[in-house]
Amino acid sequence: MAAPPTFRLDTLAVHLVSRLEATRRAHLDNPEEARAAFARVVHEGAGALARECRDVLGDDVQAHLLEREAVETFLPRYTRLAVAQNVTESRGYGFVAGDGLFTRVIATVLALAAAGVLARFLPGITKELVFLLAALTPVVPEIRLWWARRRWANELQELADDLGRVQSAHDALPTVASDGEPYTPRPAAAPVAPAEPAEPAPPARPREEAR
């Protein structure tokens, strides 16, 4: 039986990511504090949803799945990705030069000059393409920032999707009985025909009086 959307693993993953992203940015320069904060948020979030699952659905199996996969699958993967993302953000996404107006003007002038030299050796439309790329120099930091954030969002979405696949695989398993064996529903019993009323016994004959 499939779990309701509220208690699915991918729903839990999306909820945890929204909480963890605010926590992550508070620990950009301290990986150890970040790891401890991530673990606390995941344990609290998964534990709360698991308790609600037990209270609302009475489903201890799904509740245990939420707690186990959150700690054993989601937490290690998110921690690894988030610590690396913190390093990238703390280093300014790898930008070497500043993004001030003066720096952008100088970079654009140099790029256009280089494009002019290079265009002498390129044919036709390729020259225009080189000048177009050089003209985009002032917005290169924004382009790189947009690309880095898009990549990070895709990694988080992939993590949630993987949890969804784990949930779907779990839902496809046969129902497990309390003794741990796969449960096979019993076939319905054939209806029992009503018993025919018994014929009344003949009246007992009176005993002959002893002579």
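Quick notes on the rules
- Residues numbered from 1 in each chain as written.
- Predicted model: local features only at pLDDT ≥ 70, side-chain atom pairs only at ≥ 80, totals over all residues.
- Heavy atoms only, no water.
- Helix = DSSP H or I, 4+ residues; strand = E, 2+ residues; numbered from the N terminus.
- Buried < 20%, exposed > 50% of the residue type's maximum accessible area, 1.4 Å probe, protein only.
- Contact = heavy atoms within 4.5 Å.
- Areas by Shrake-Rupley, 256 points an atom, 1.4 Å probe, with all protein chains shown as cover.
- Axes fitted to C-alpha atoms, helices over the stretch in contact; angles between N-to-C directions.
- Left-handed = near helix turned anticlockwise from the far one by under 90°.
- Nonpolar A, V, L, I, M, F, W, Y, C, P; charged D, E, K, R; others polar.
- Parallel < 35°, antiparallel > 145°, perpendicular 65-115°, else oblique.
- Core = buried A, V, L, I, M, F, W, Y, C linked by side-chain atoms within 4.5 Å.
- Salt bridge = Lys/Arg side-chain N within 4 Å of Asp/Glu carboxyl O.

Peer 1: Hey, could you run me through the overall build of the protein in this one?
Peer 2: Each helix and strand in the protein was counted, giving 6 helices and 0 strands. Reading the secondary structure of the protein in the N-to-C direction produces α-α-α-α-α-α. Looking at the protein as a whole, 28% of its 211 residues qualify as buried. Looking at the protein alone, contacts between residues at least 24 apart form 72% of all its contacts between residues at least 6 apart. For the protein, the accessible area works out to roughly 15000 Å², and carbon and sulfur atoms hold 61% of it.

Peer 1: Got a minute to help me understand the environment of Val130 in this structure?
Peer 2: In this structure, Val130 sits in helix H5 (residues 124–135). Separated by 19 residues in the primary sequence, Val130 and Ala111 have C-alpha atoms spaced 9.4 Å apart. Each residue touching Val130, except ones within four places of it in the same chain, is listed here: Ala115, Leu118 and Leu122.

Peer 1: Where do I start with the packing of helix H1 (residues 9–25) against helix H3 (residues 60–90) in this structure?
Peer 2: The description of two packed helices rests on the angle between their axes and on the distance between the axes. It is the contact of H1 with H3, at a shortest axis distance of 11 Å, that shows an interaxial angle of 35°. Considering how the two elements wind past one another, H1 and H3 form a crossing that is right-handed. Note on element contacts: H3 touches H1 through Leu65, Leu66, Glu69, Ala70, Phe74, Tyr78, Ala82, Gln85, Asn86 and Glu89, opposite Leu9, Leu12, Ala13, Leu16, Val17, Leu20, Glu21 and Arg24. Split by residue class, the contact of H1 with H3 holds 12 nonpolar, 2 polar and 4 charged.

Peer 1: I keep staring at the packing of H1 against helix H6 (residues 140–171) and nothing clicks. Help me out?
Peer 2: Running from N to C, H1 and H6 cross one another at 150°; their axes reach a closest spacing of 8 Å. In terms of orientation, H1 lies roughly antiparallel with respect to H6. Of the two possible hands of crossing, H1 and H6 adopt the one that is right-handed. Of the residues in H6, those touching H1 at Leu9, Asp10, Ala13, Val14, Val17, Glu21 and Arg24 are Trp152, Leu156, Ala160, Leu163, Gly164, Val166 and Gln167. Residues that form the contact of H1 with H6 fall into these classes: 9 nonpolar, 2 polar and 3 charged.

Peer 1: Just checking my understanding: could you explain the nonpolar core for this structure?
Peer 2: The tendency in soluble globular proteins is for nonpolar side chains to be buried as a group. One finds Leu12, Leu20, Phe38, Val42, Phe74 and Tyr78 to be the most contacted residues of the largest nonpolar core, which totals 29 residues. The set of elements that each furnish at least two residues to this core consists of H1, helix H2 (31–57), H3 and H6. Take this core: its biggest share by element is 9 residues, from H3. Those residues in contact with Phe38 that sit more than four places away from it in its chain are Leu20, Arg24, Leu75, Tyr78, Thr79 and Ala82.

Peer 1: What am I meant to see in the pattern of salt bridges here?
Peer 2: Pairing of side chains with opposite charge becomes possible as their charged atoms draw close. According to the stated counting rule, one finds 13 salt bridges in the structure shown. A salt bridge links Arg24 to Glu89, with the shortest nitrogen-to-oxygen separation between them at 3.1 Å. Taken together, the residues span a long stretch of sequence, with Arg24 in helix H1 and Glu89 in helix H3 at a distance of 65 residues. The same class applies to Arg24 as to Glu89, namely buried. For Asp162, the salt bridge identified is with Arg165, shortest N-O distance 2.2 Å. With Asp162 and Arg165 both in helix H6, this residue pair falls 3 residues apart, about one helical turn. On the basis of relative accessibility, which here comes to 19%, the residue Asp162 falls in the buried class. Connected through salt bridges with shared partners, the residues Glu21, Arg24, Arg25 and Glu89 form a single ionic network.

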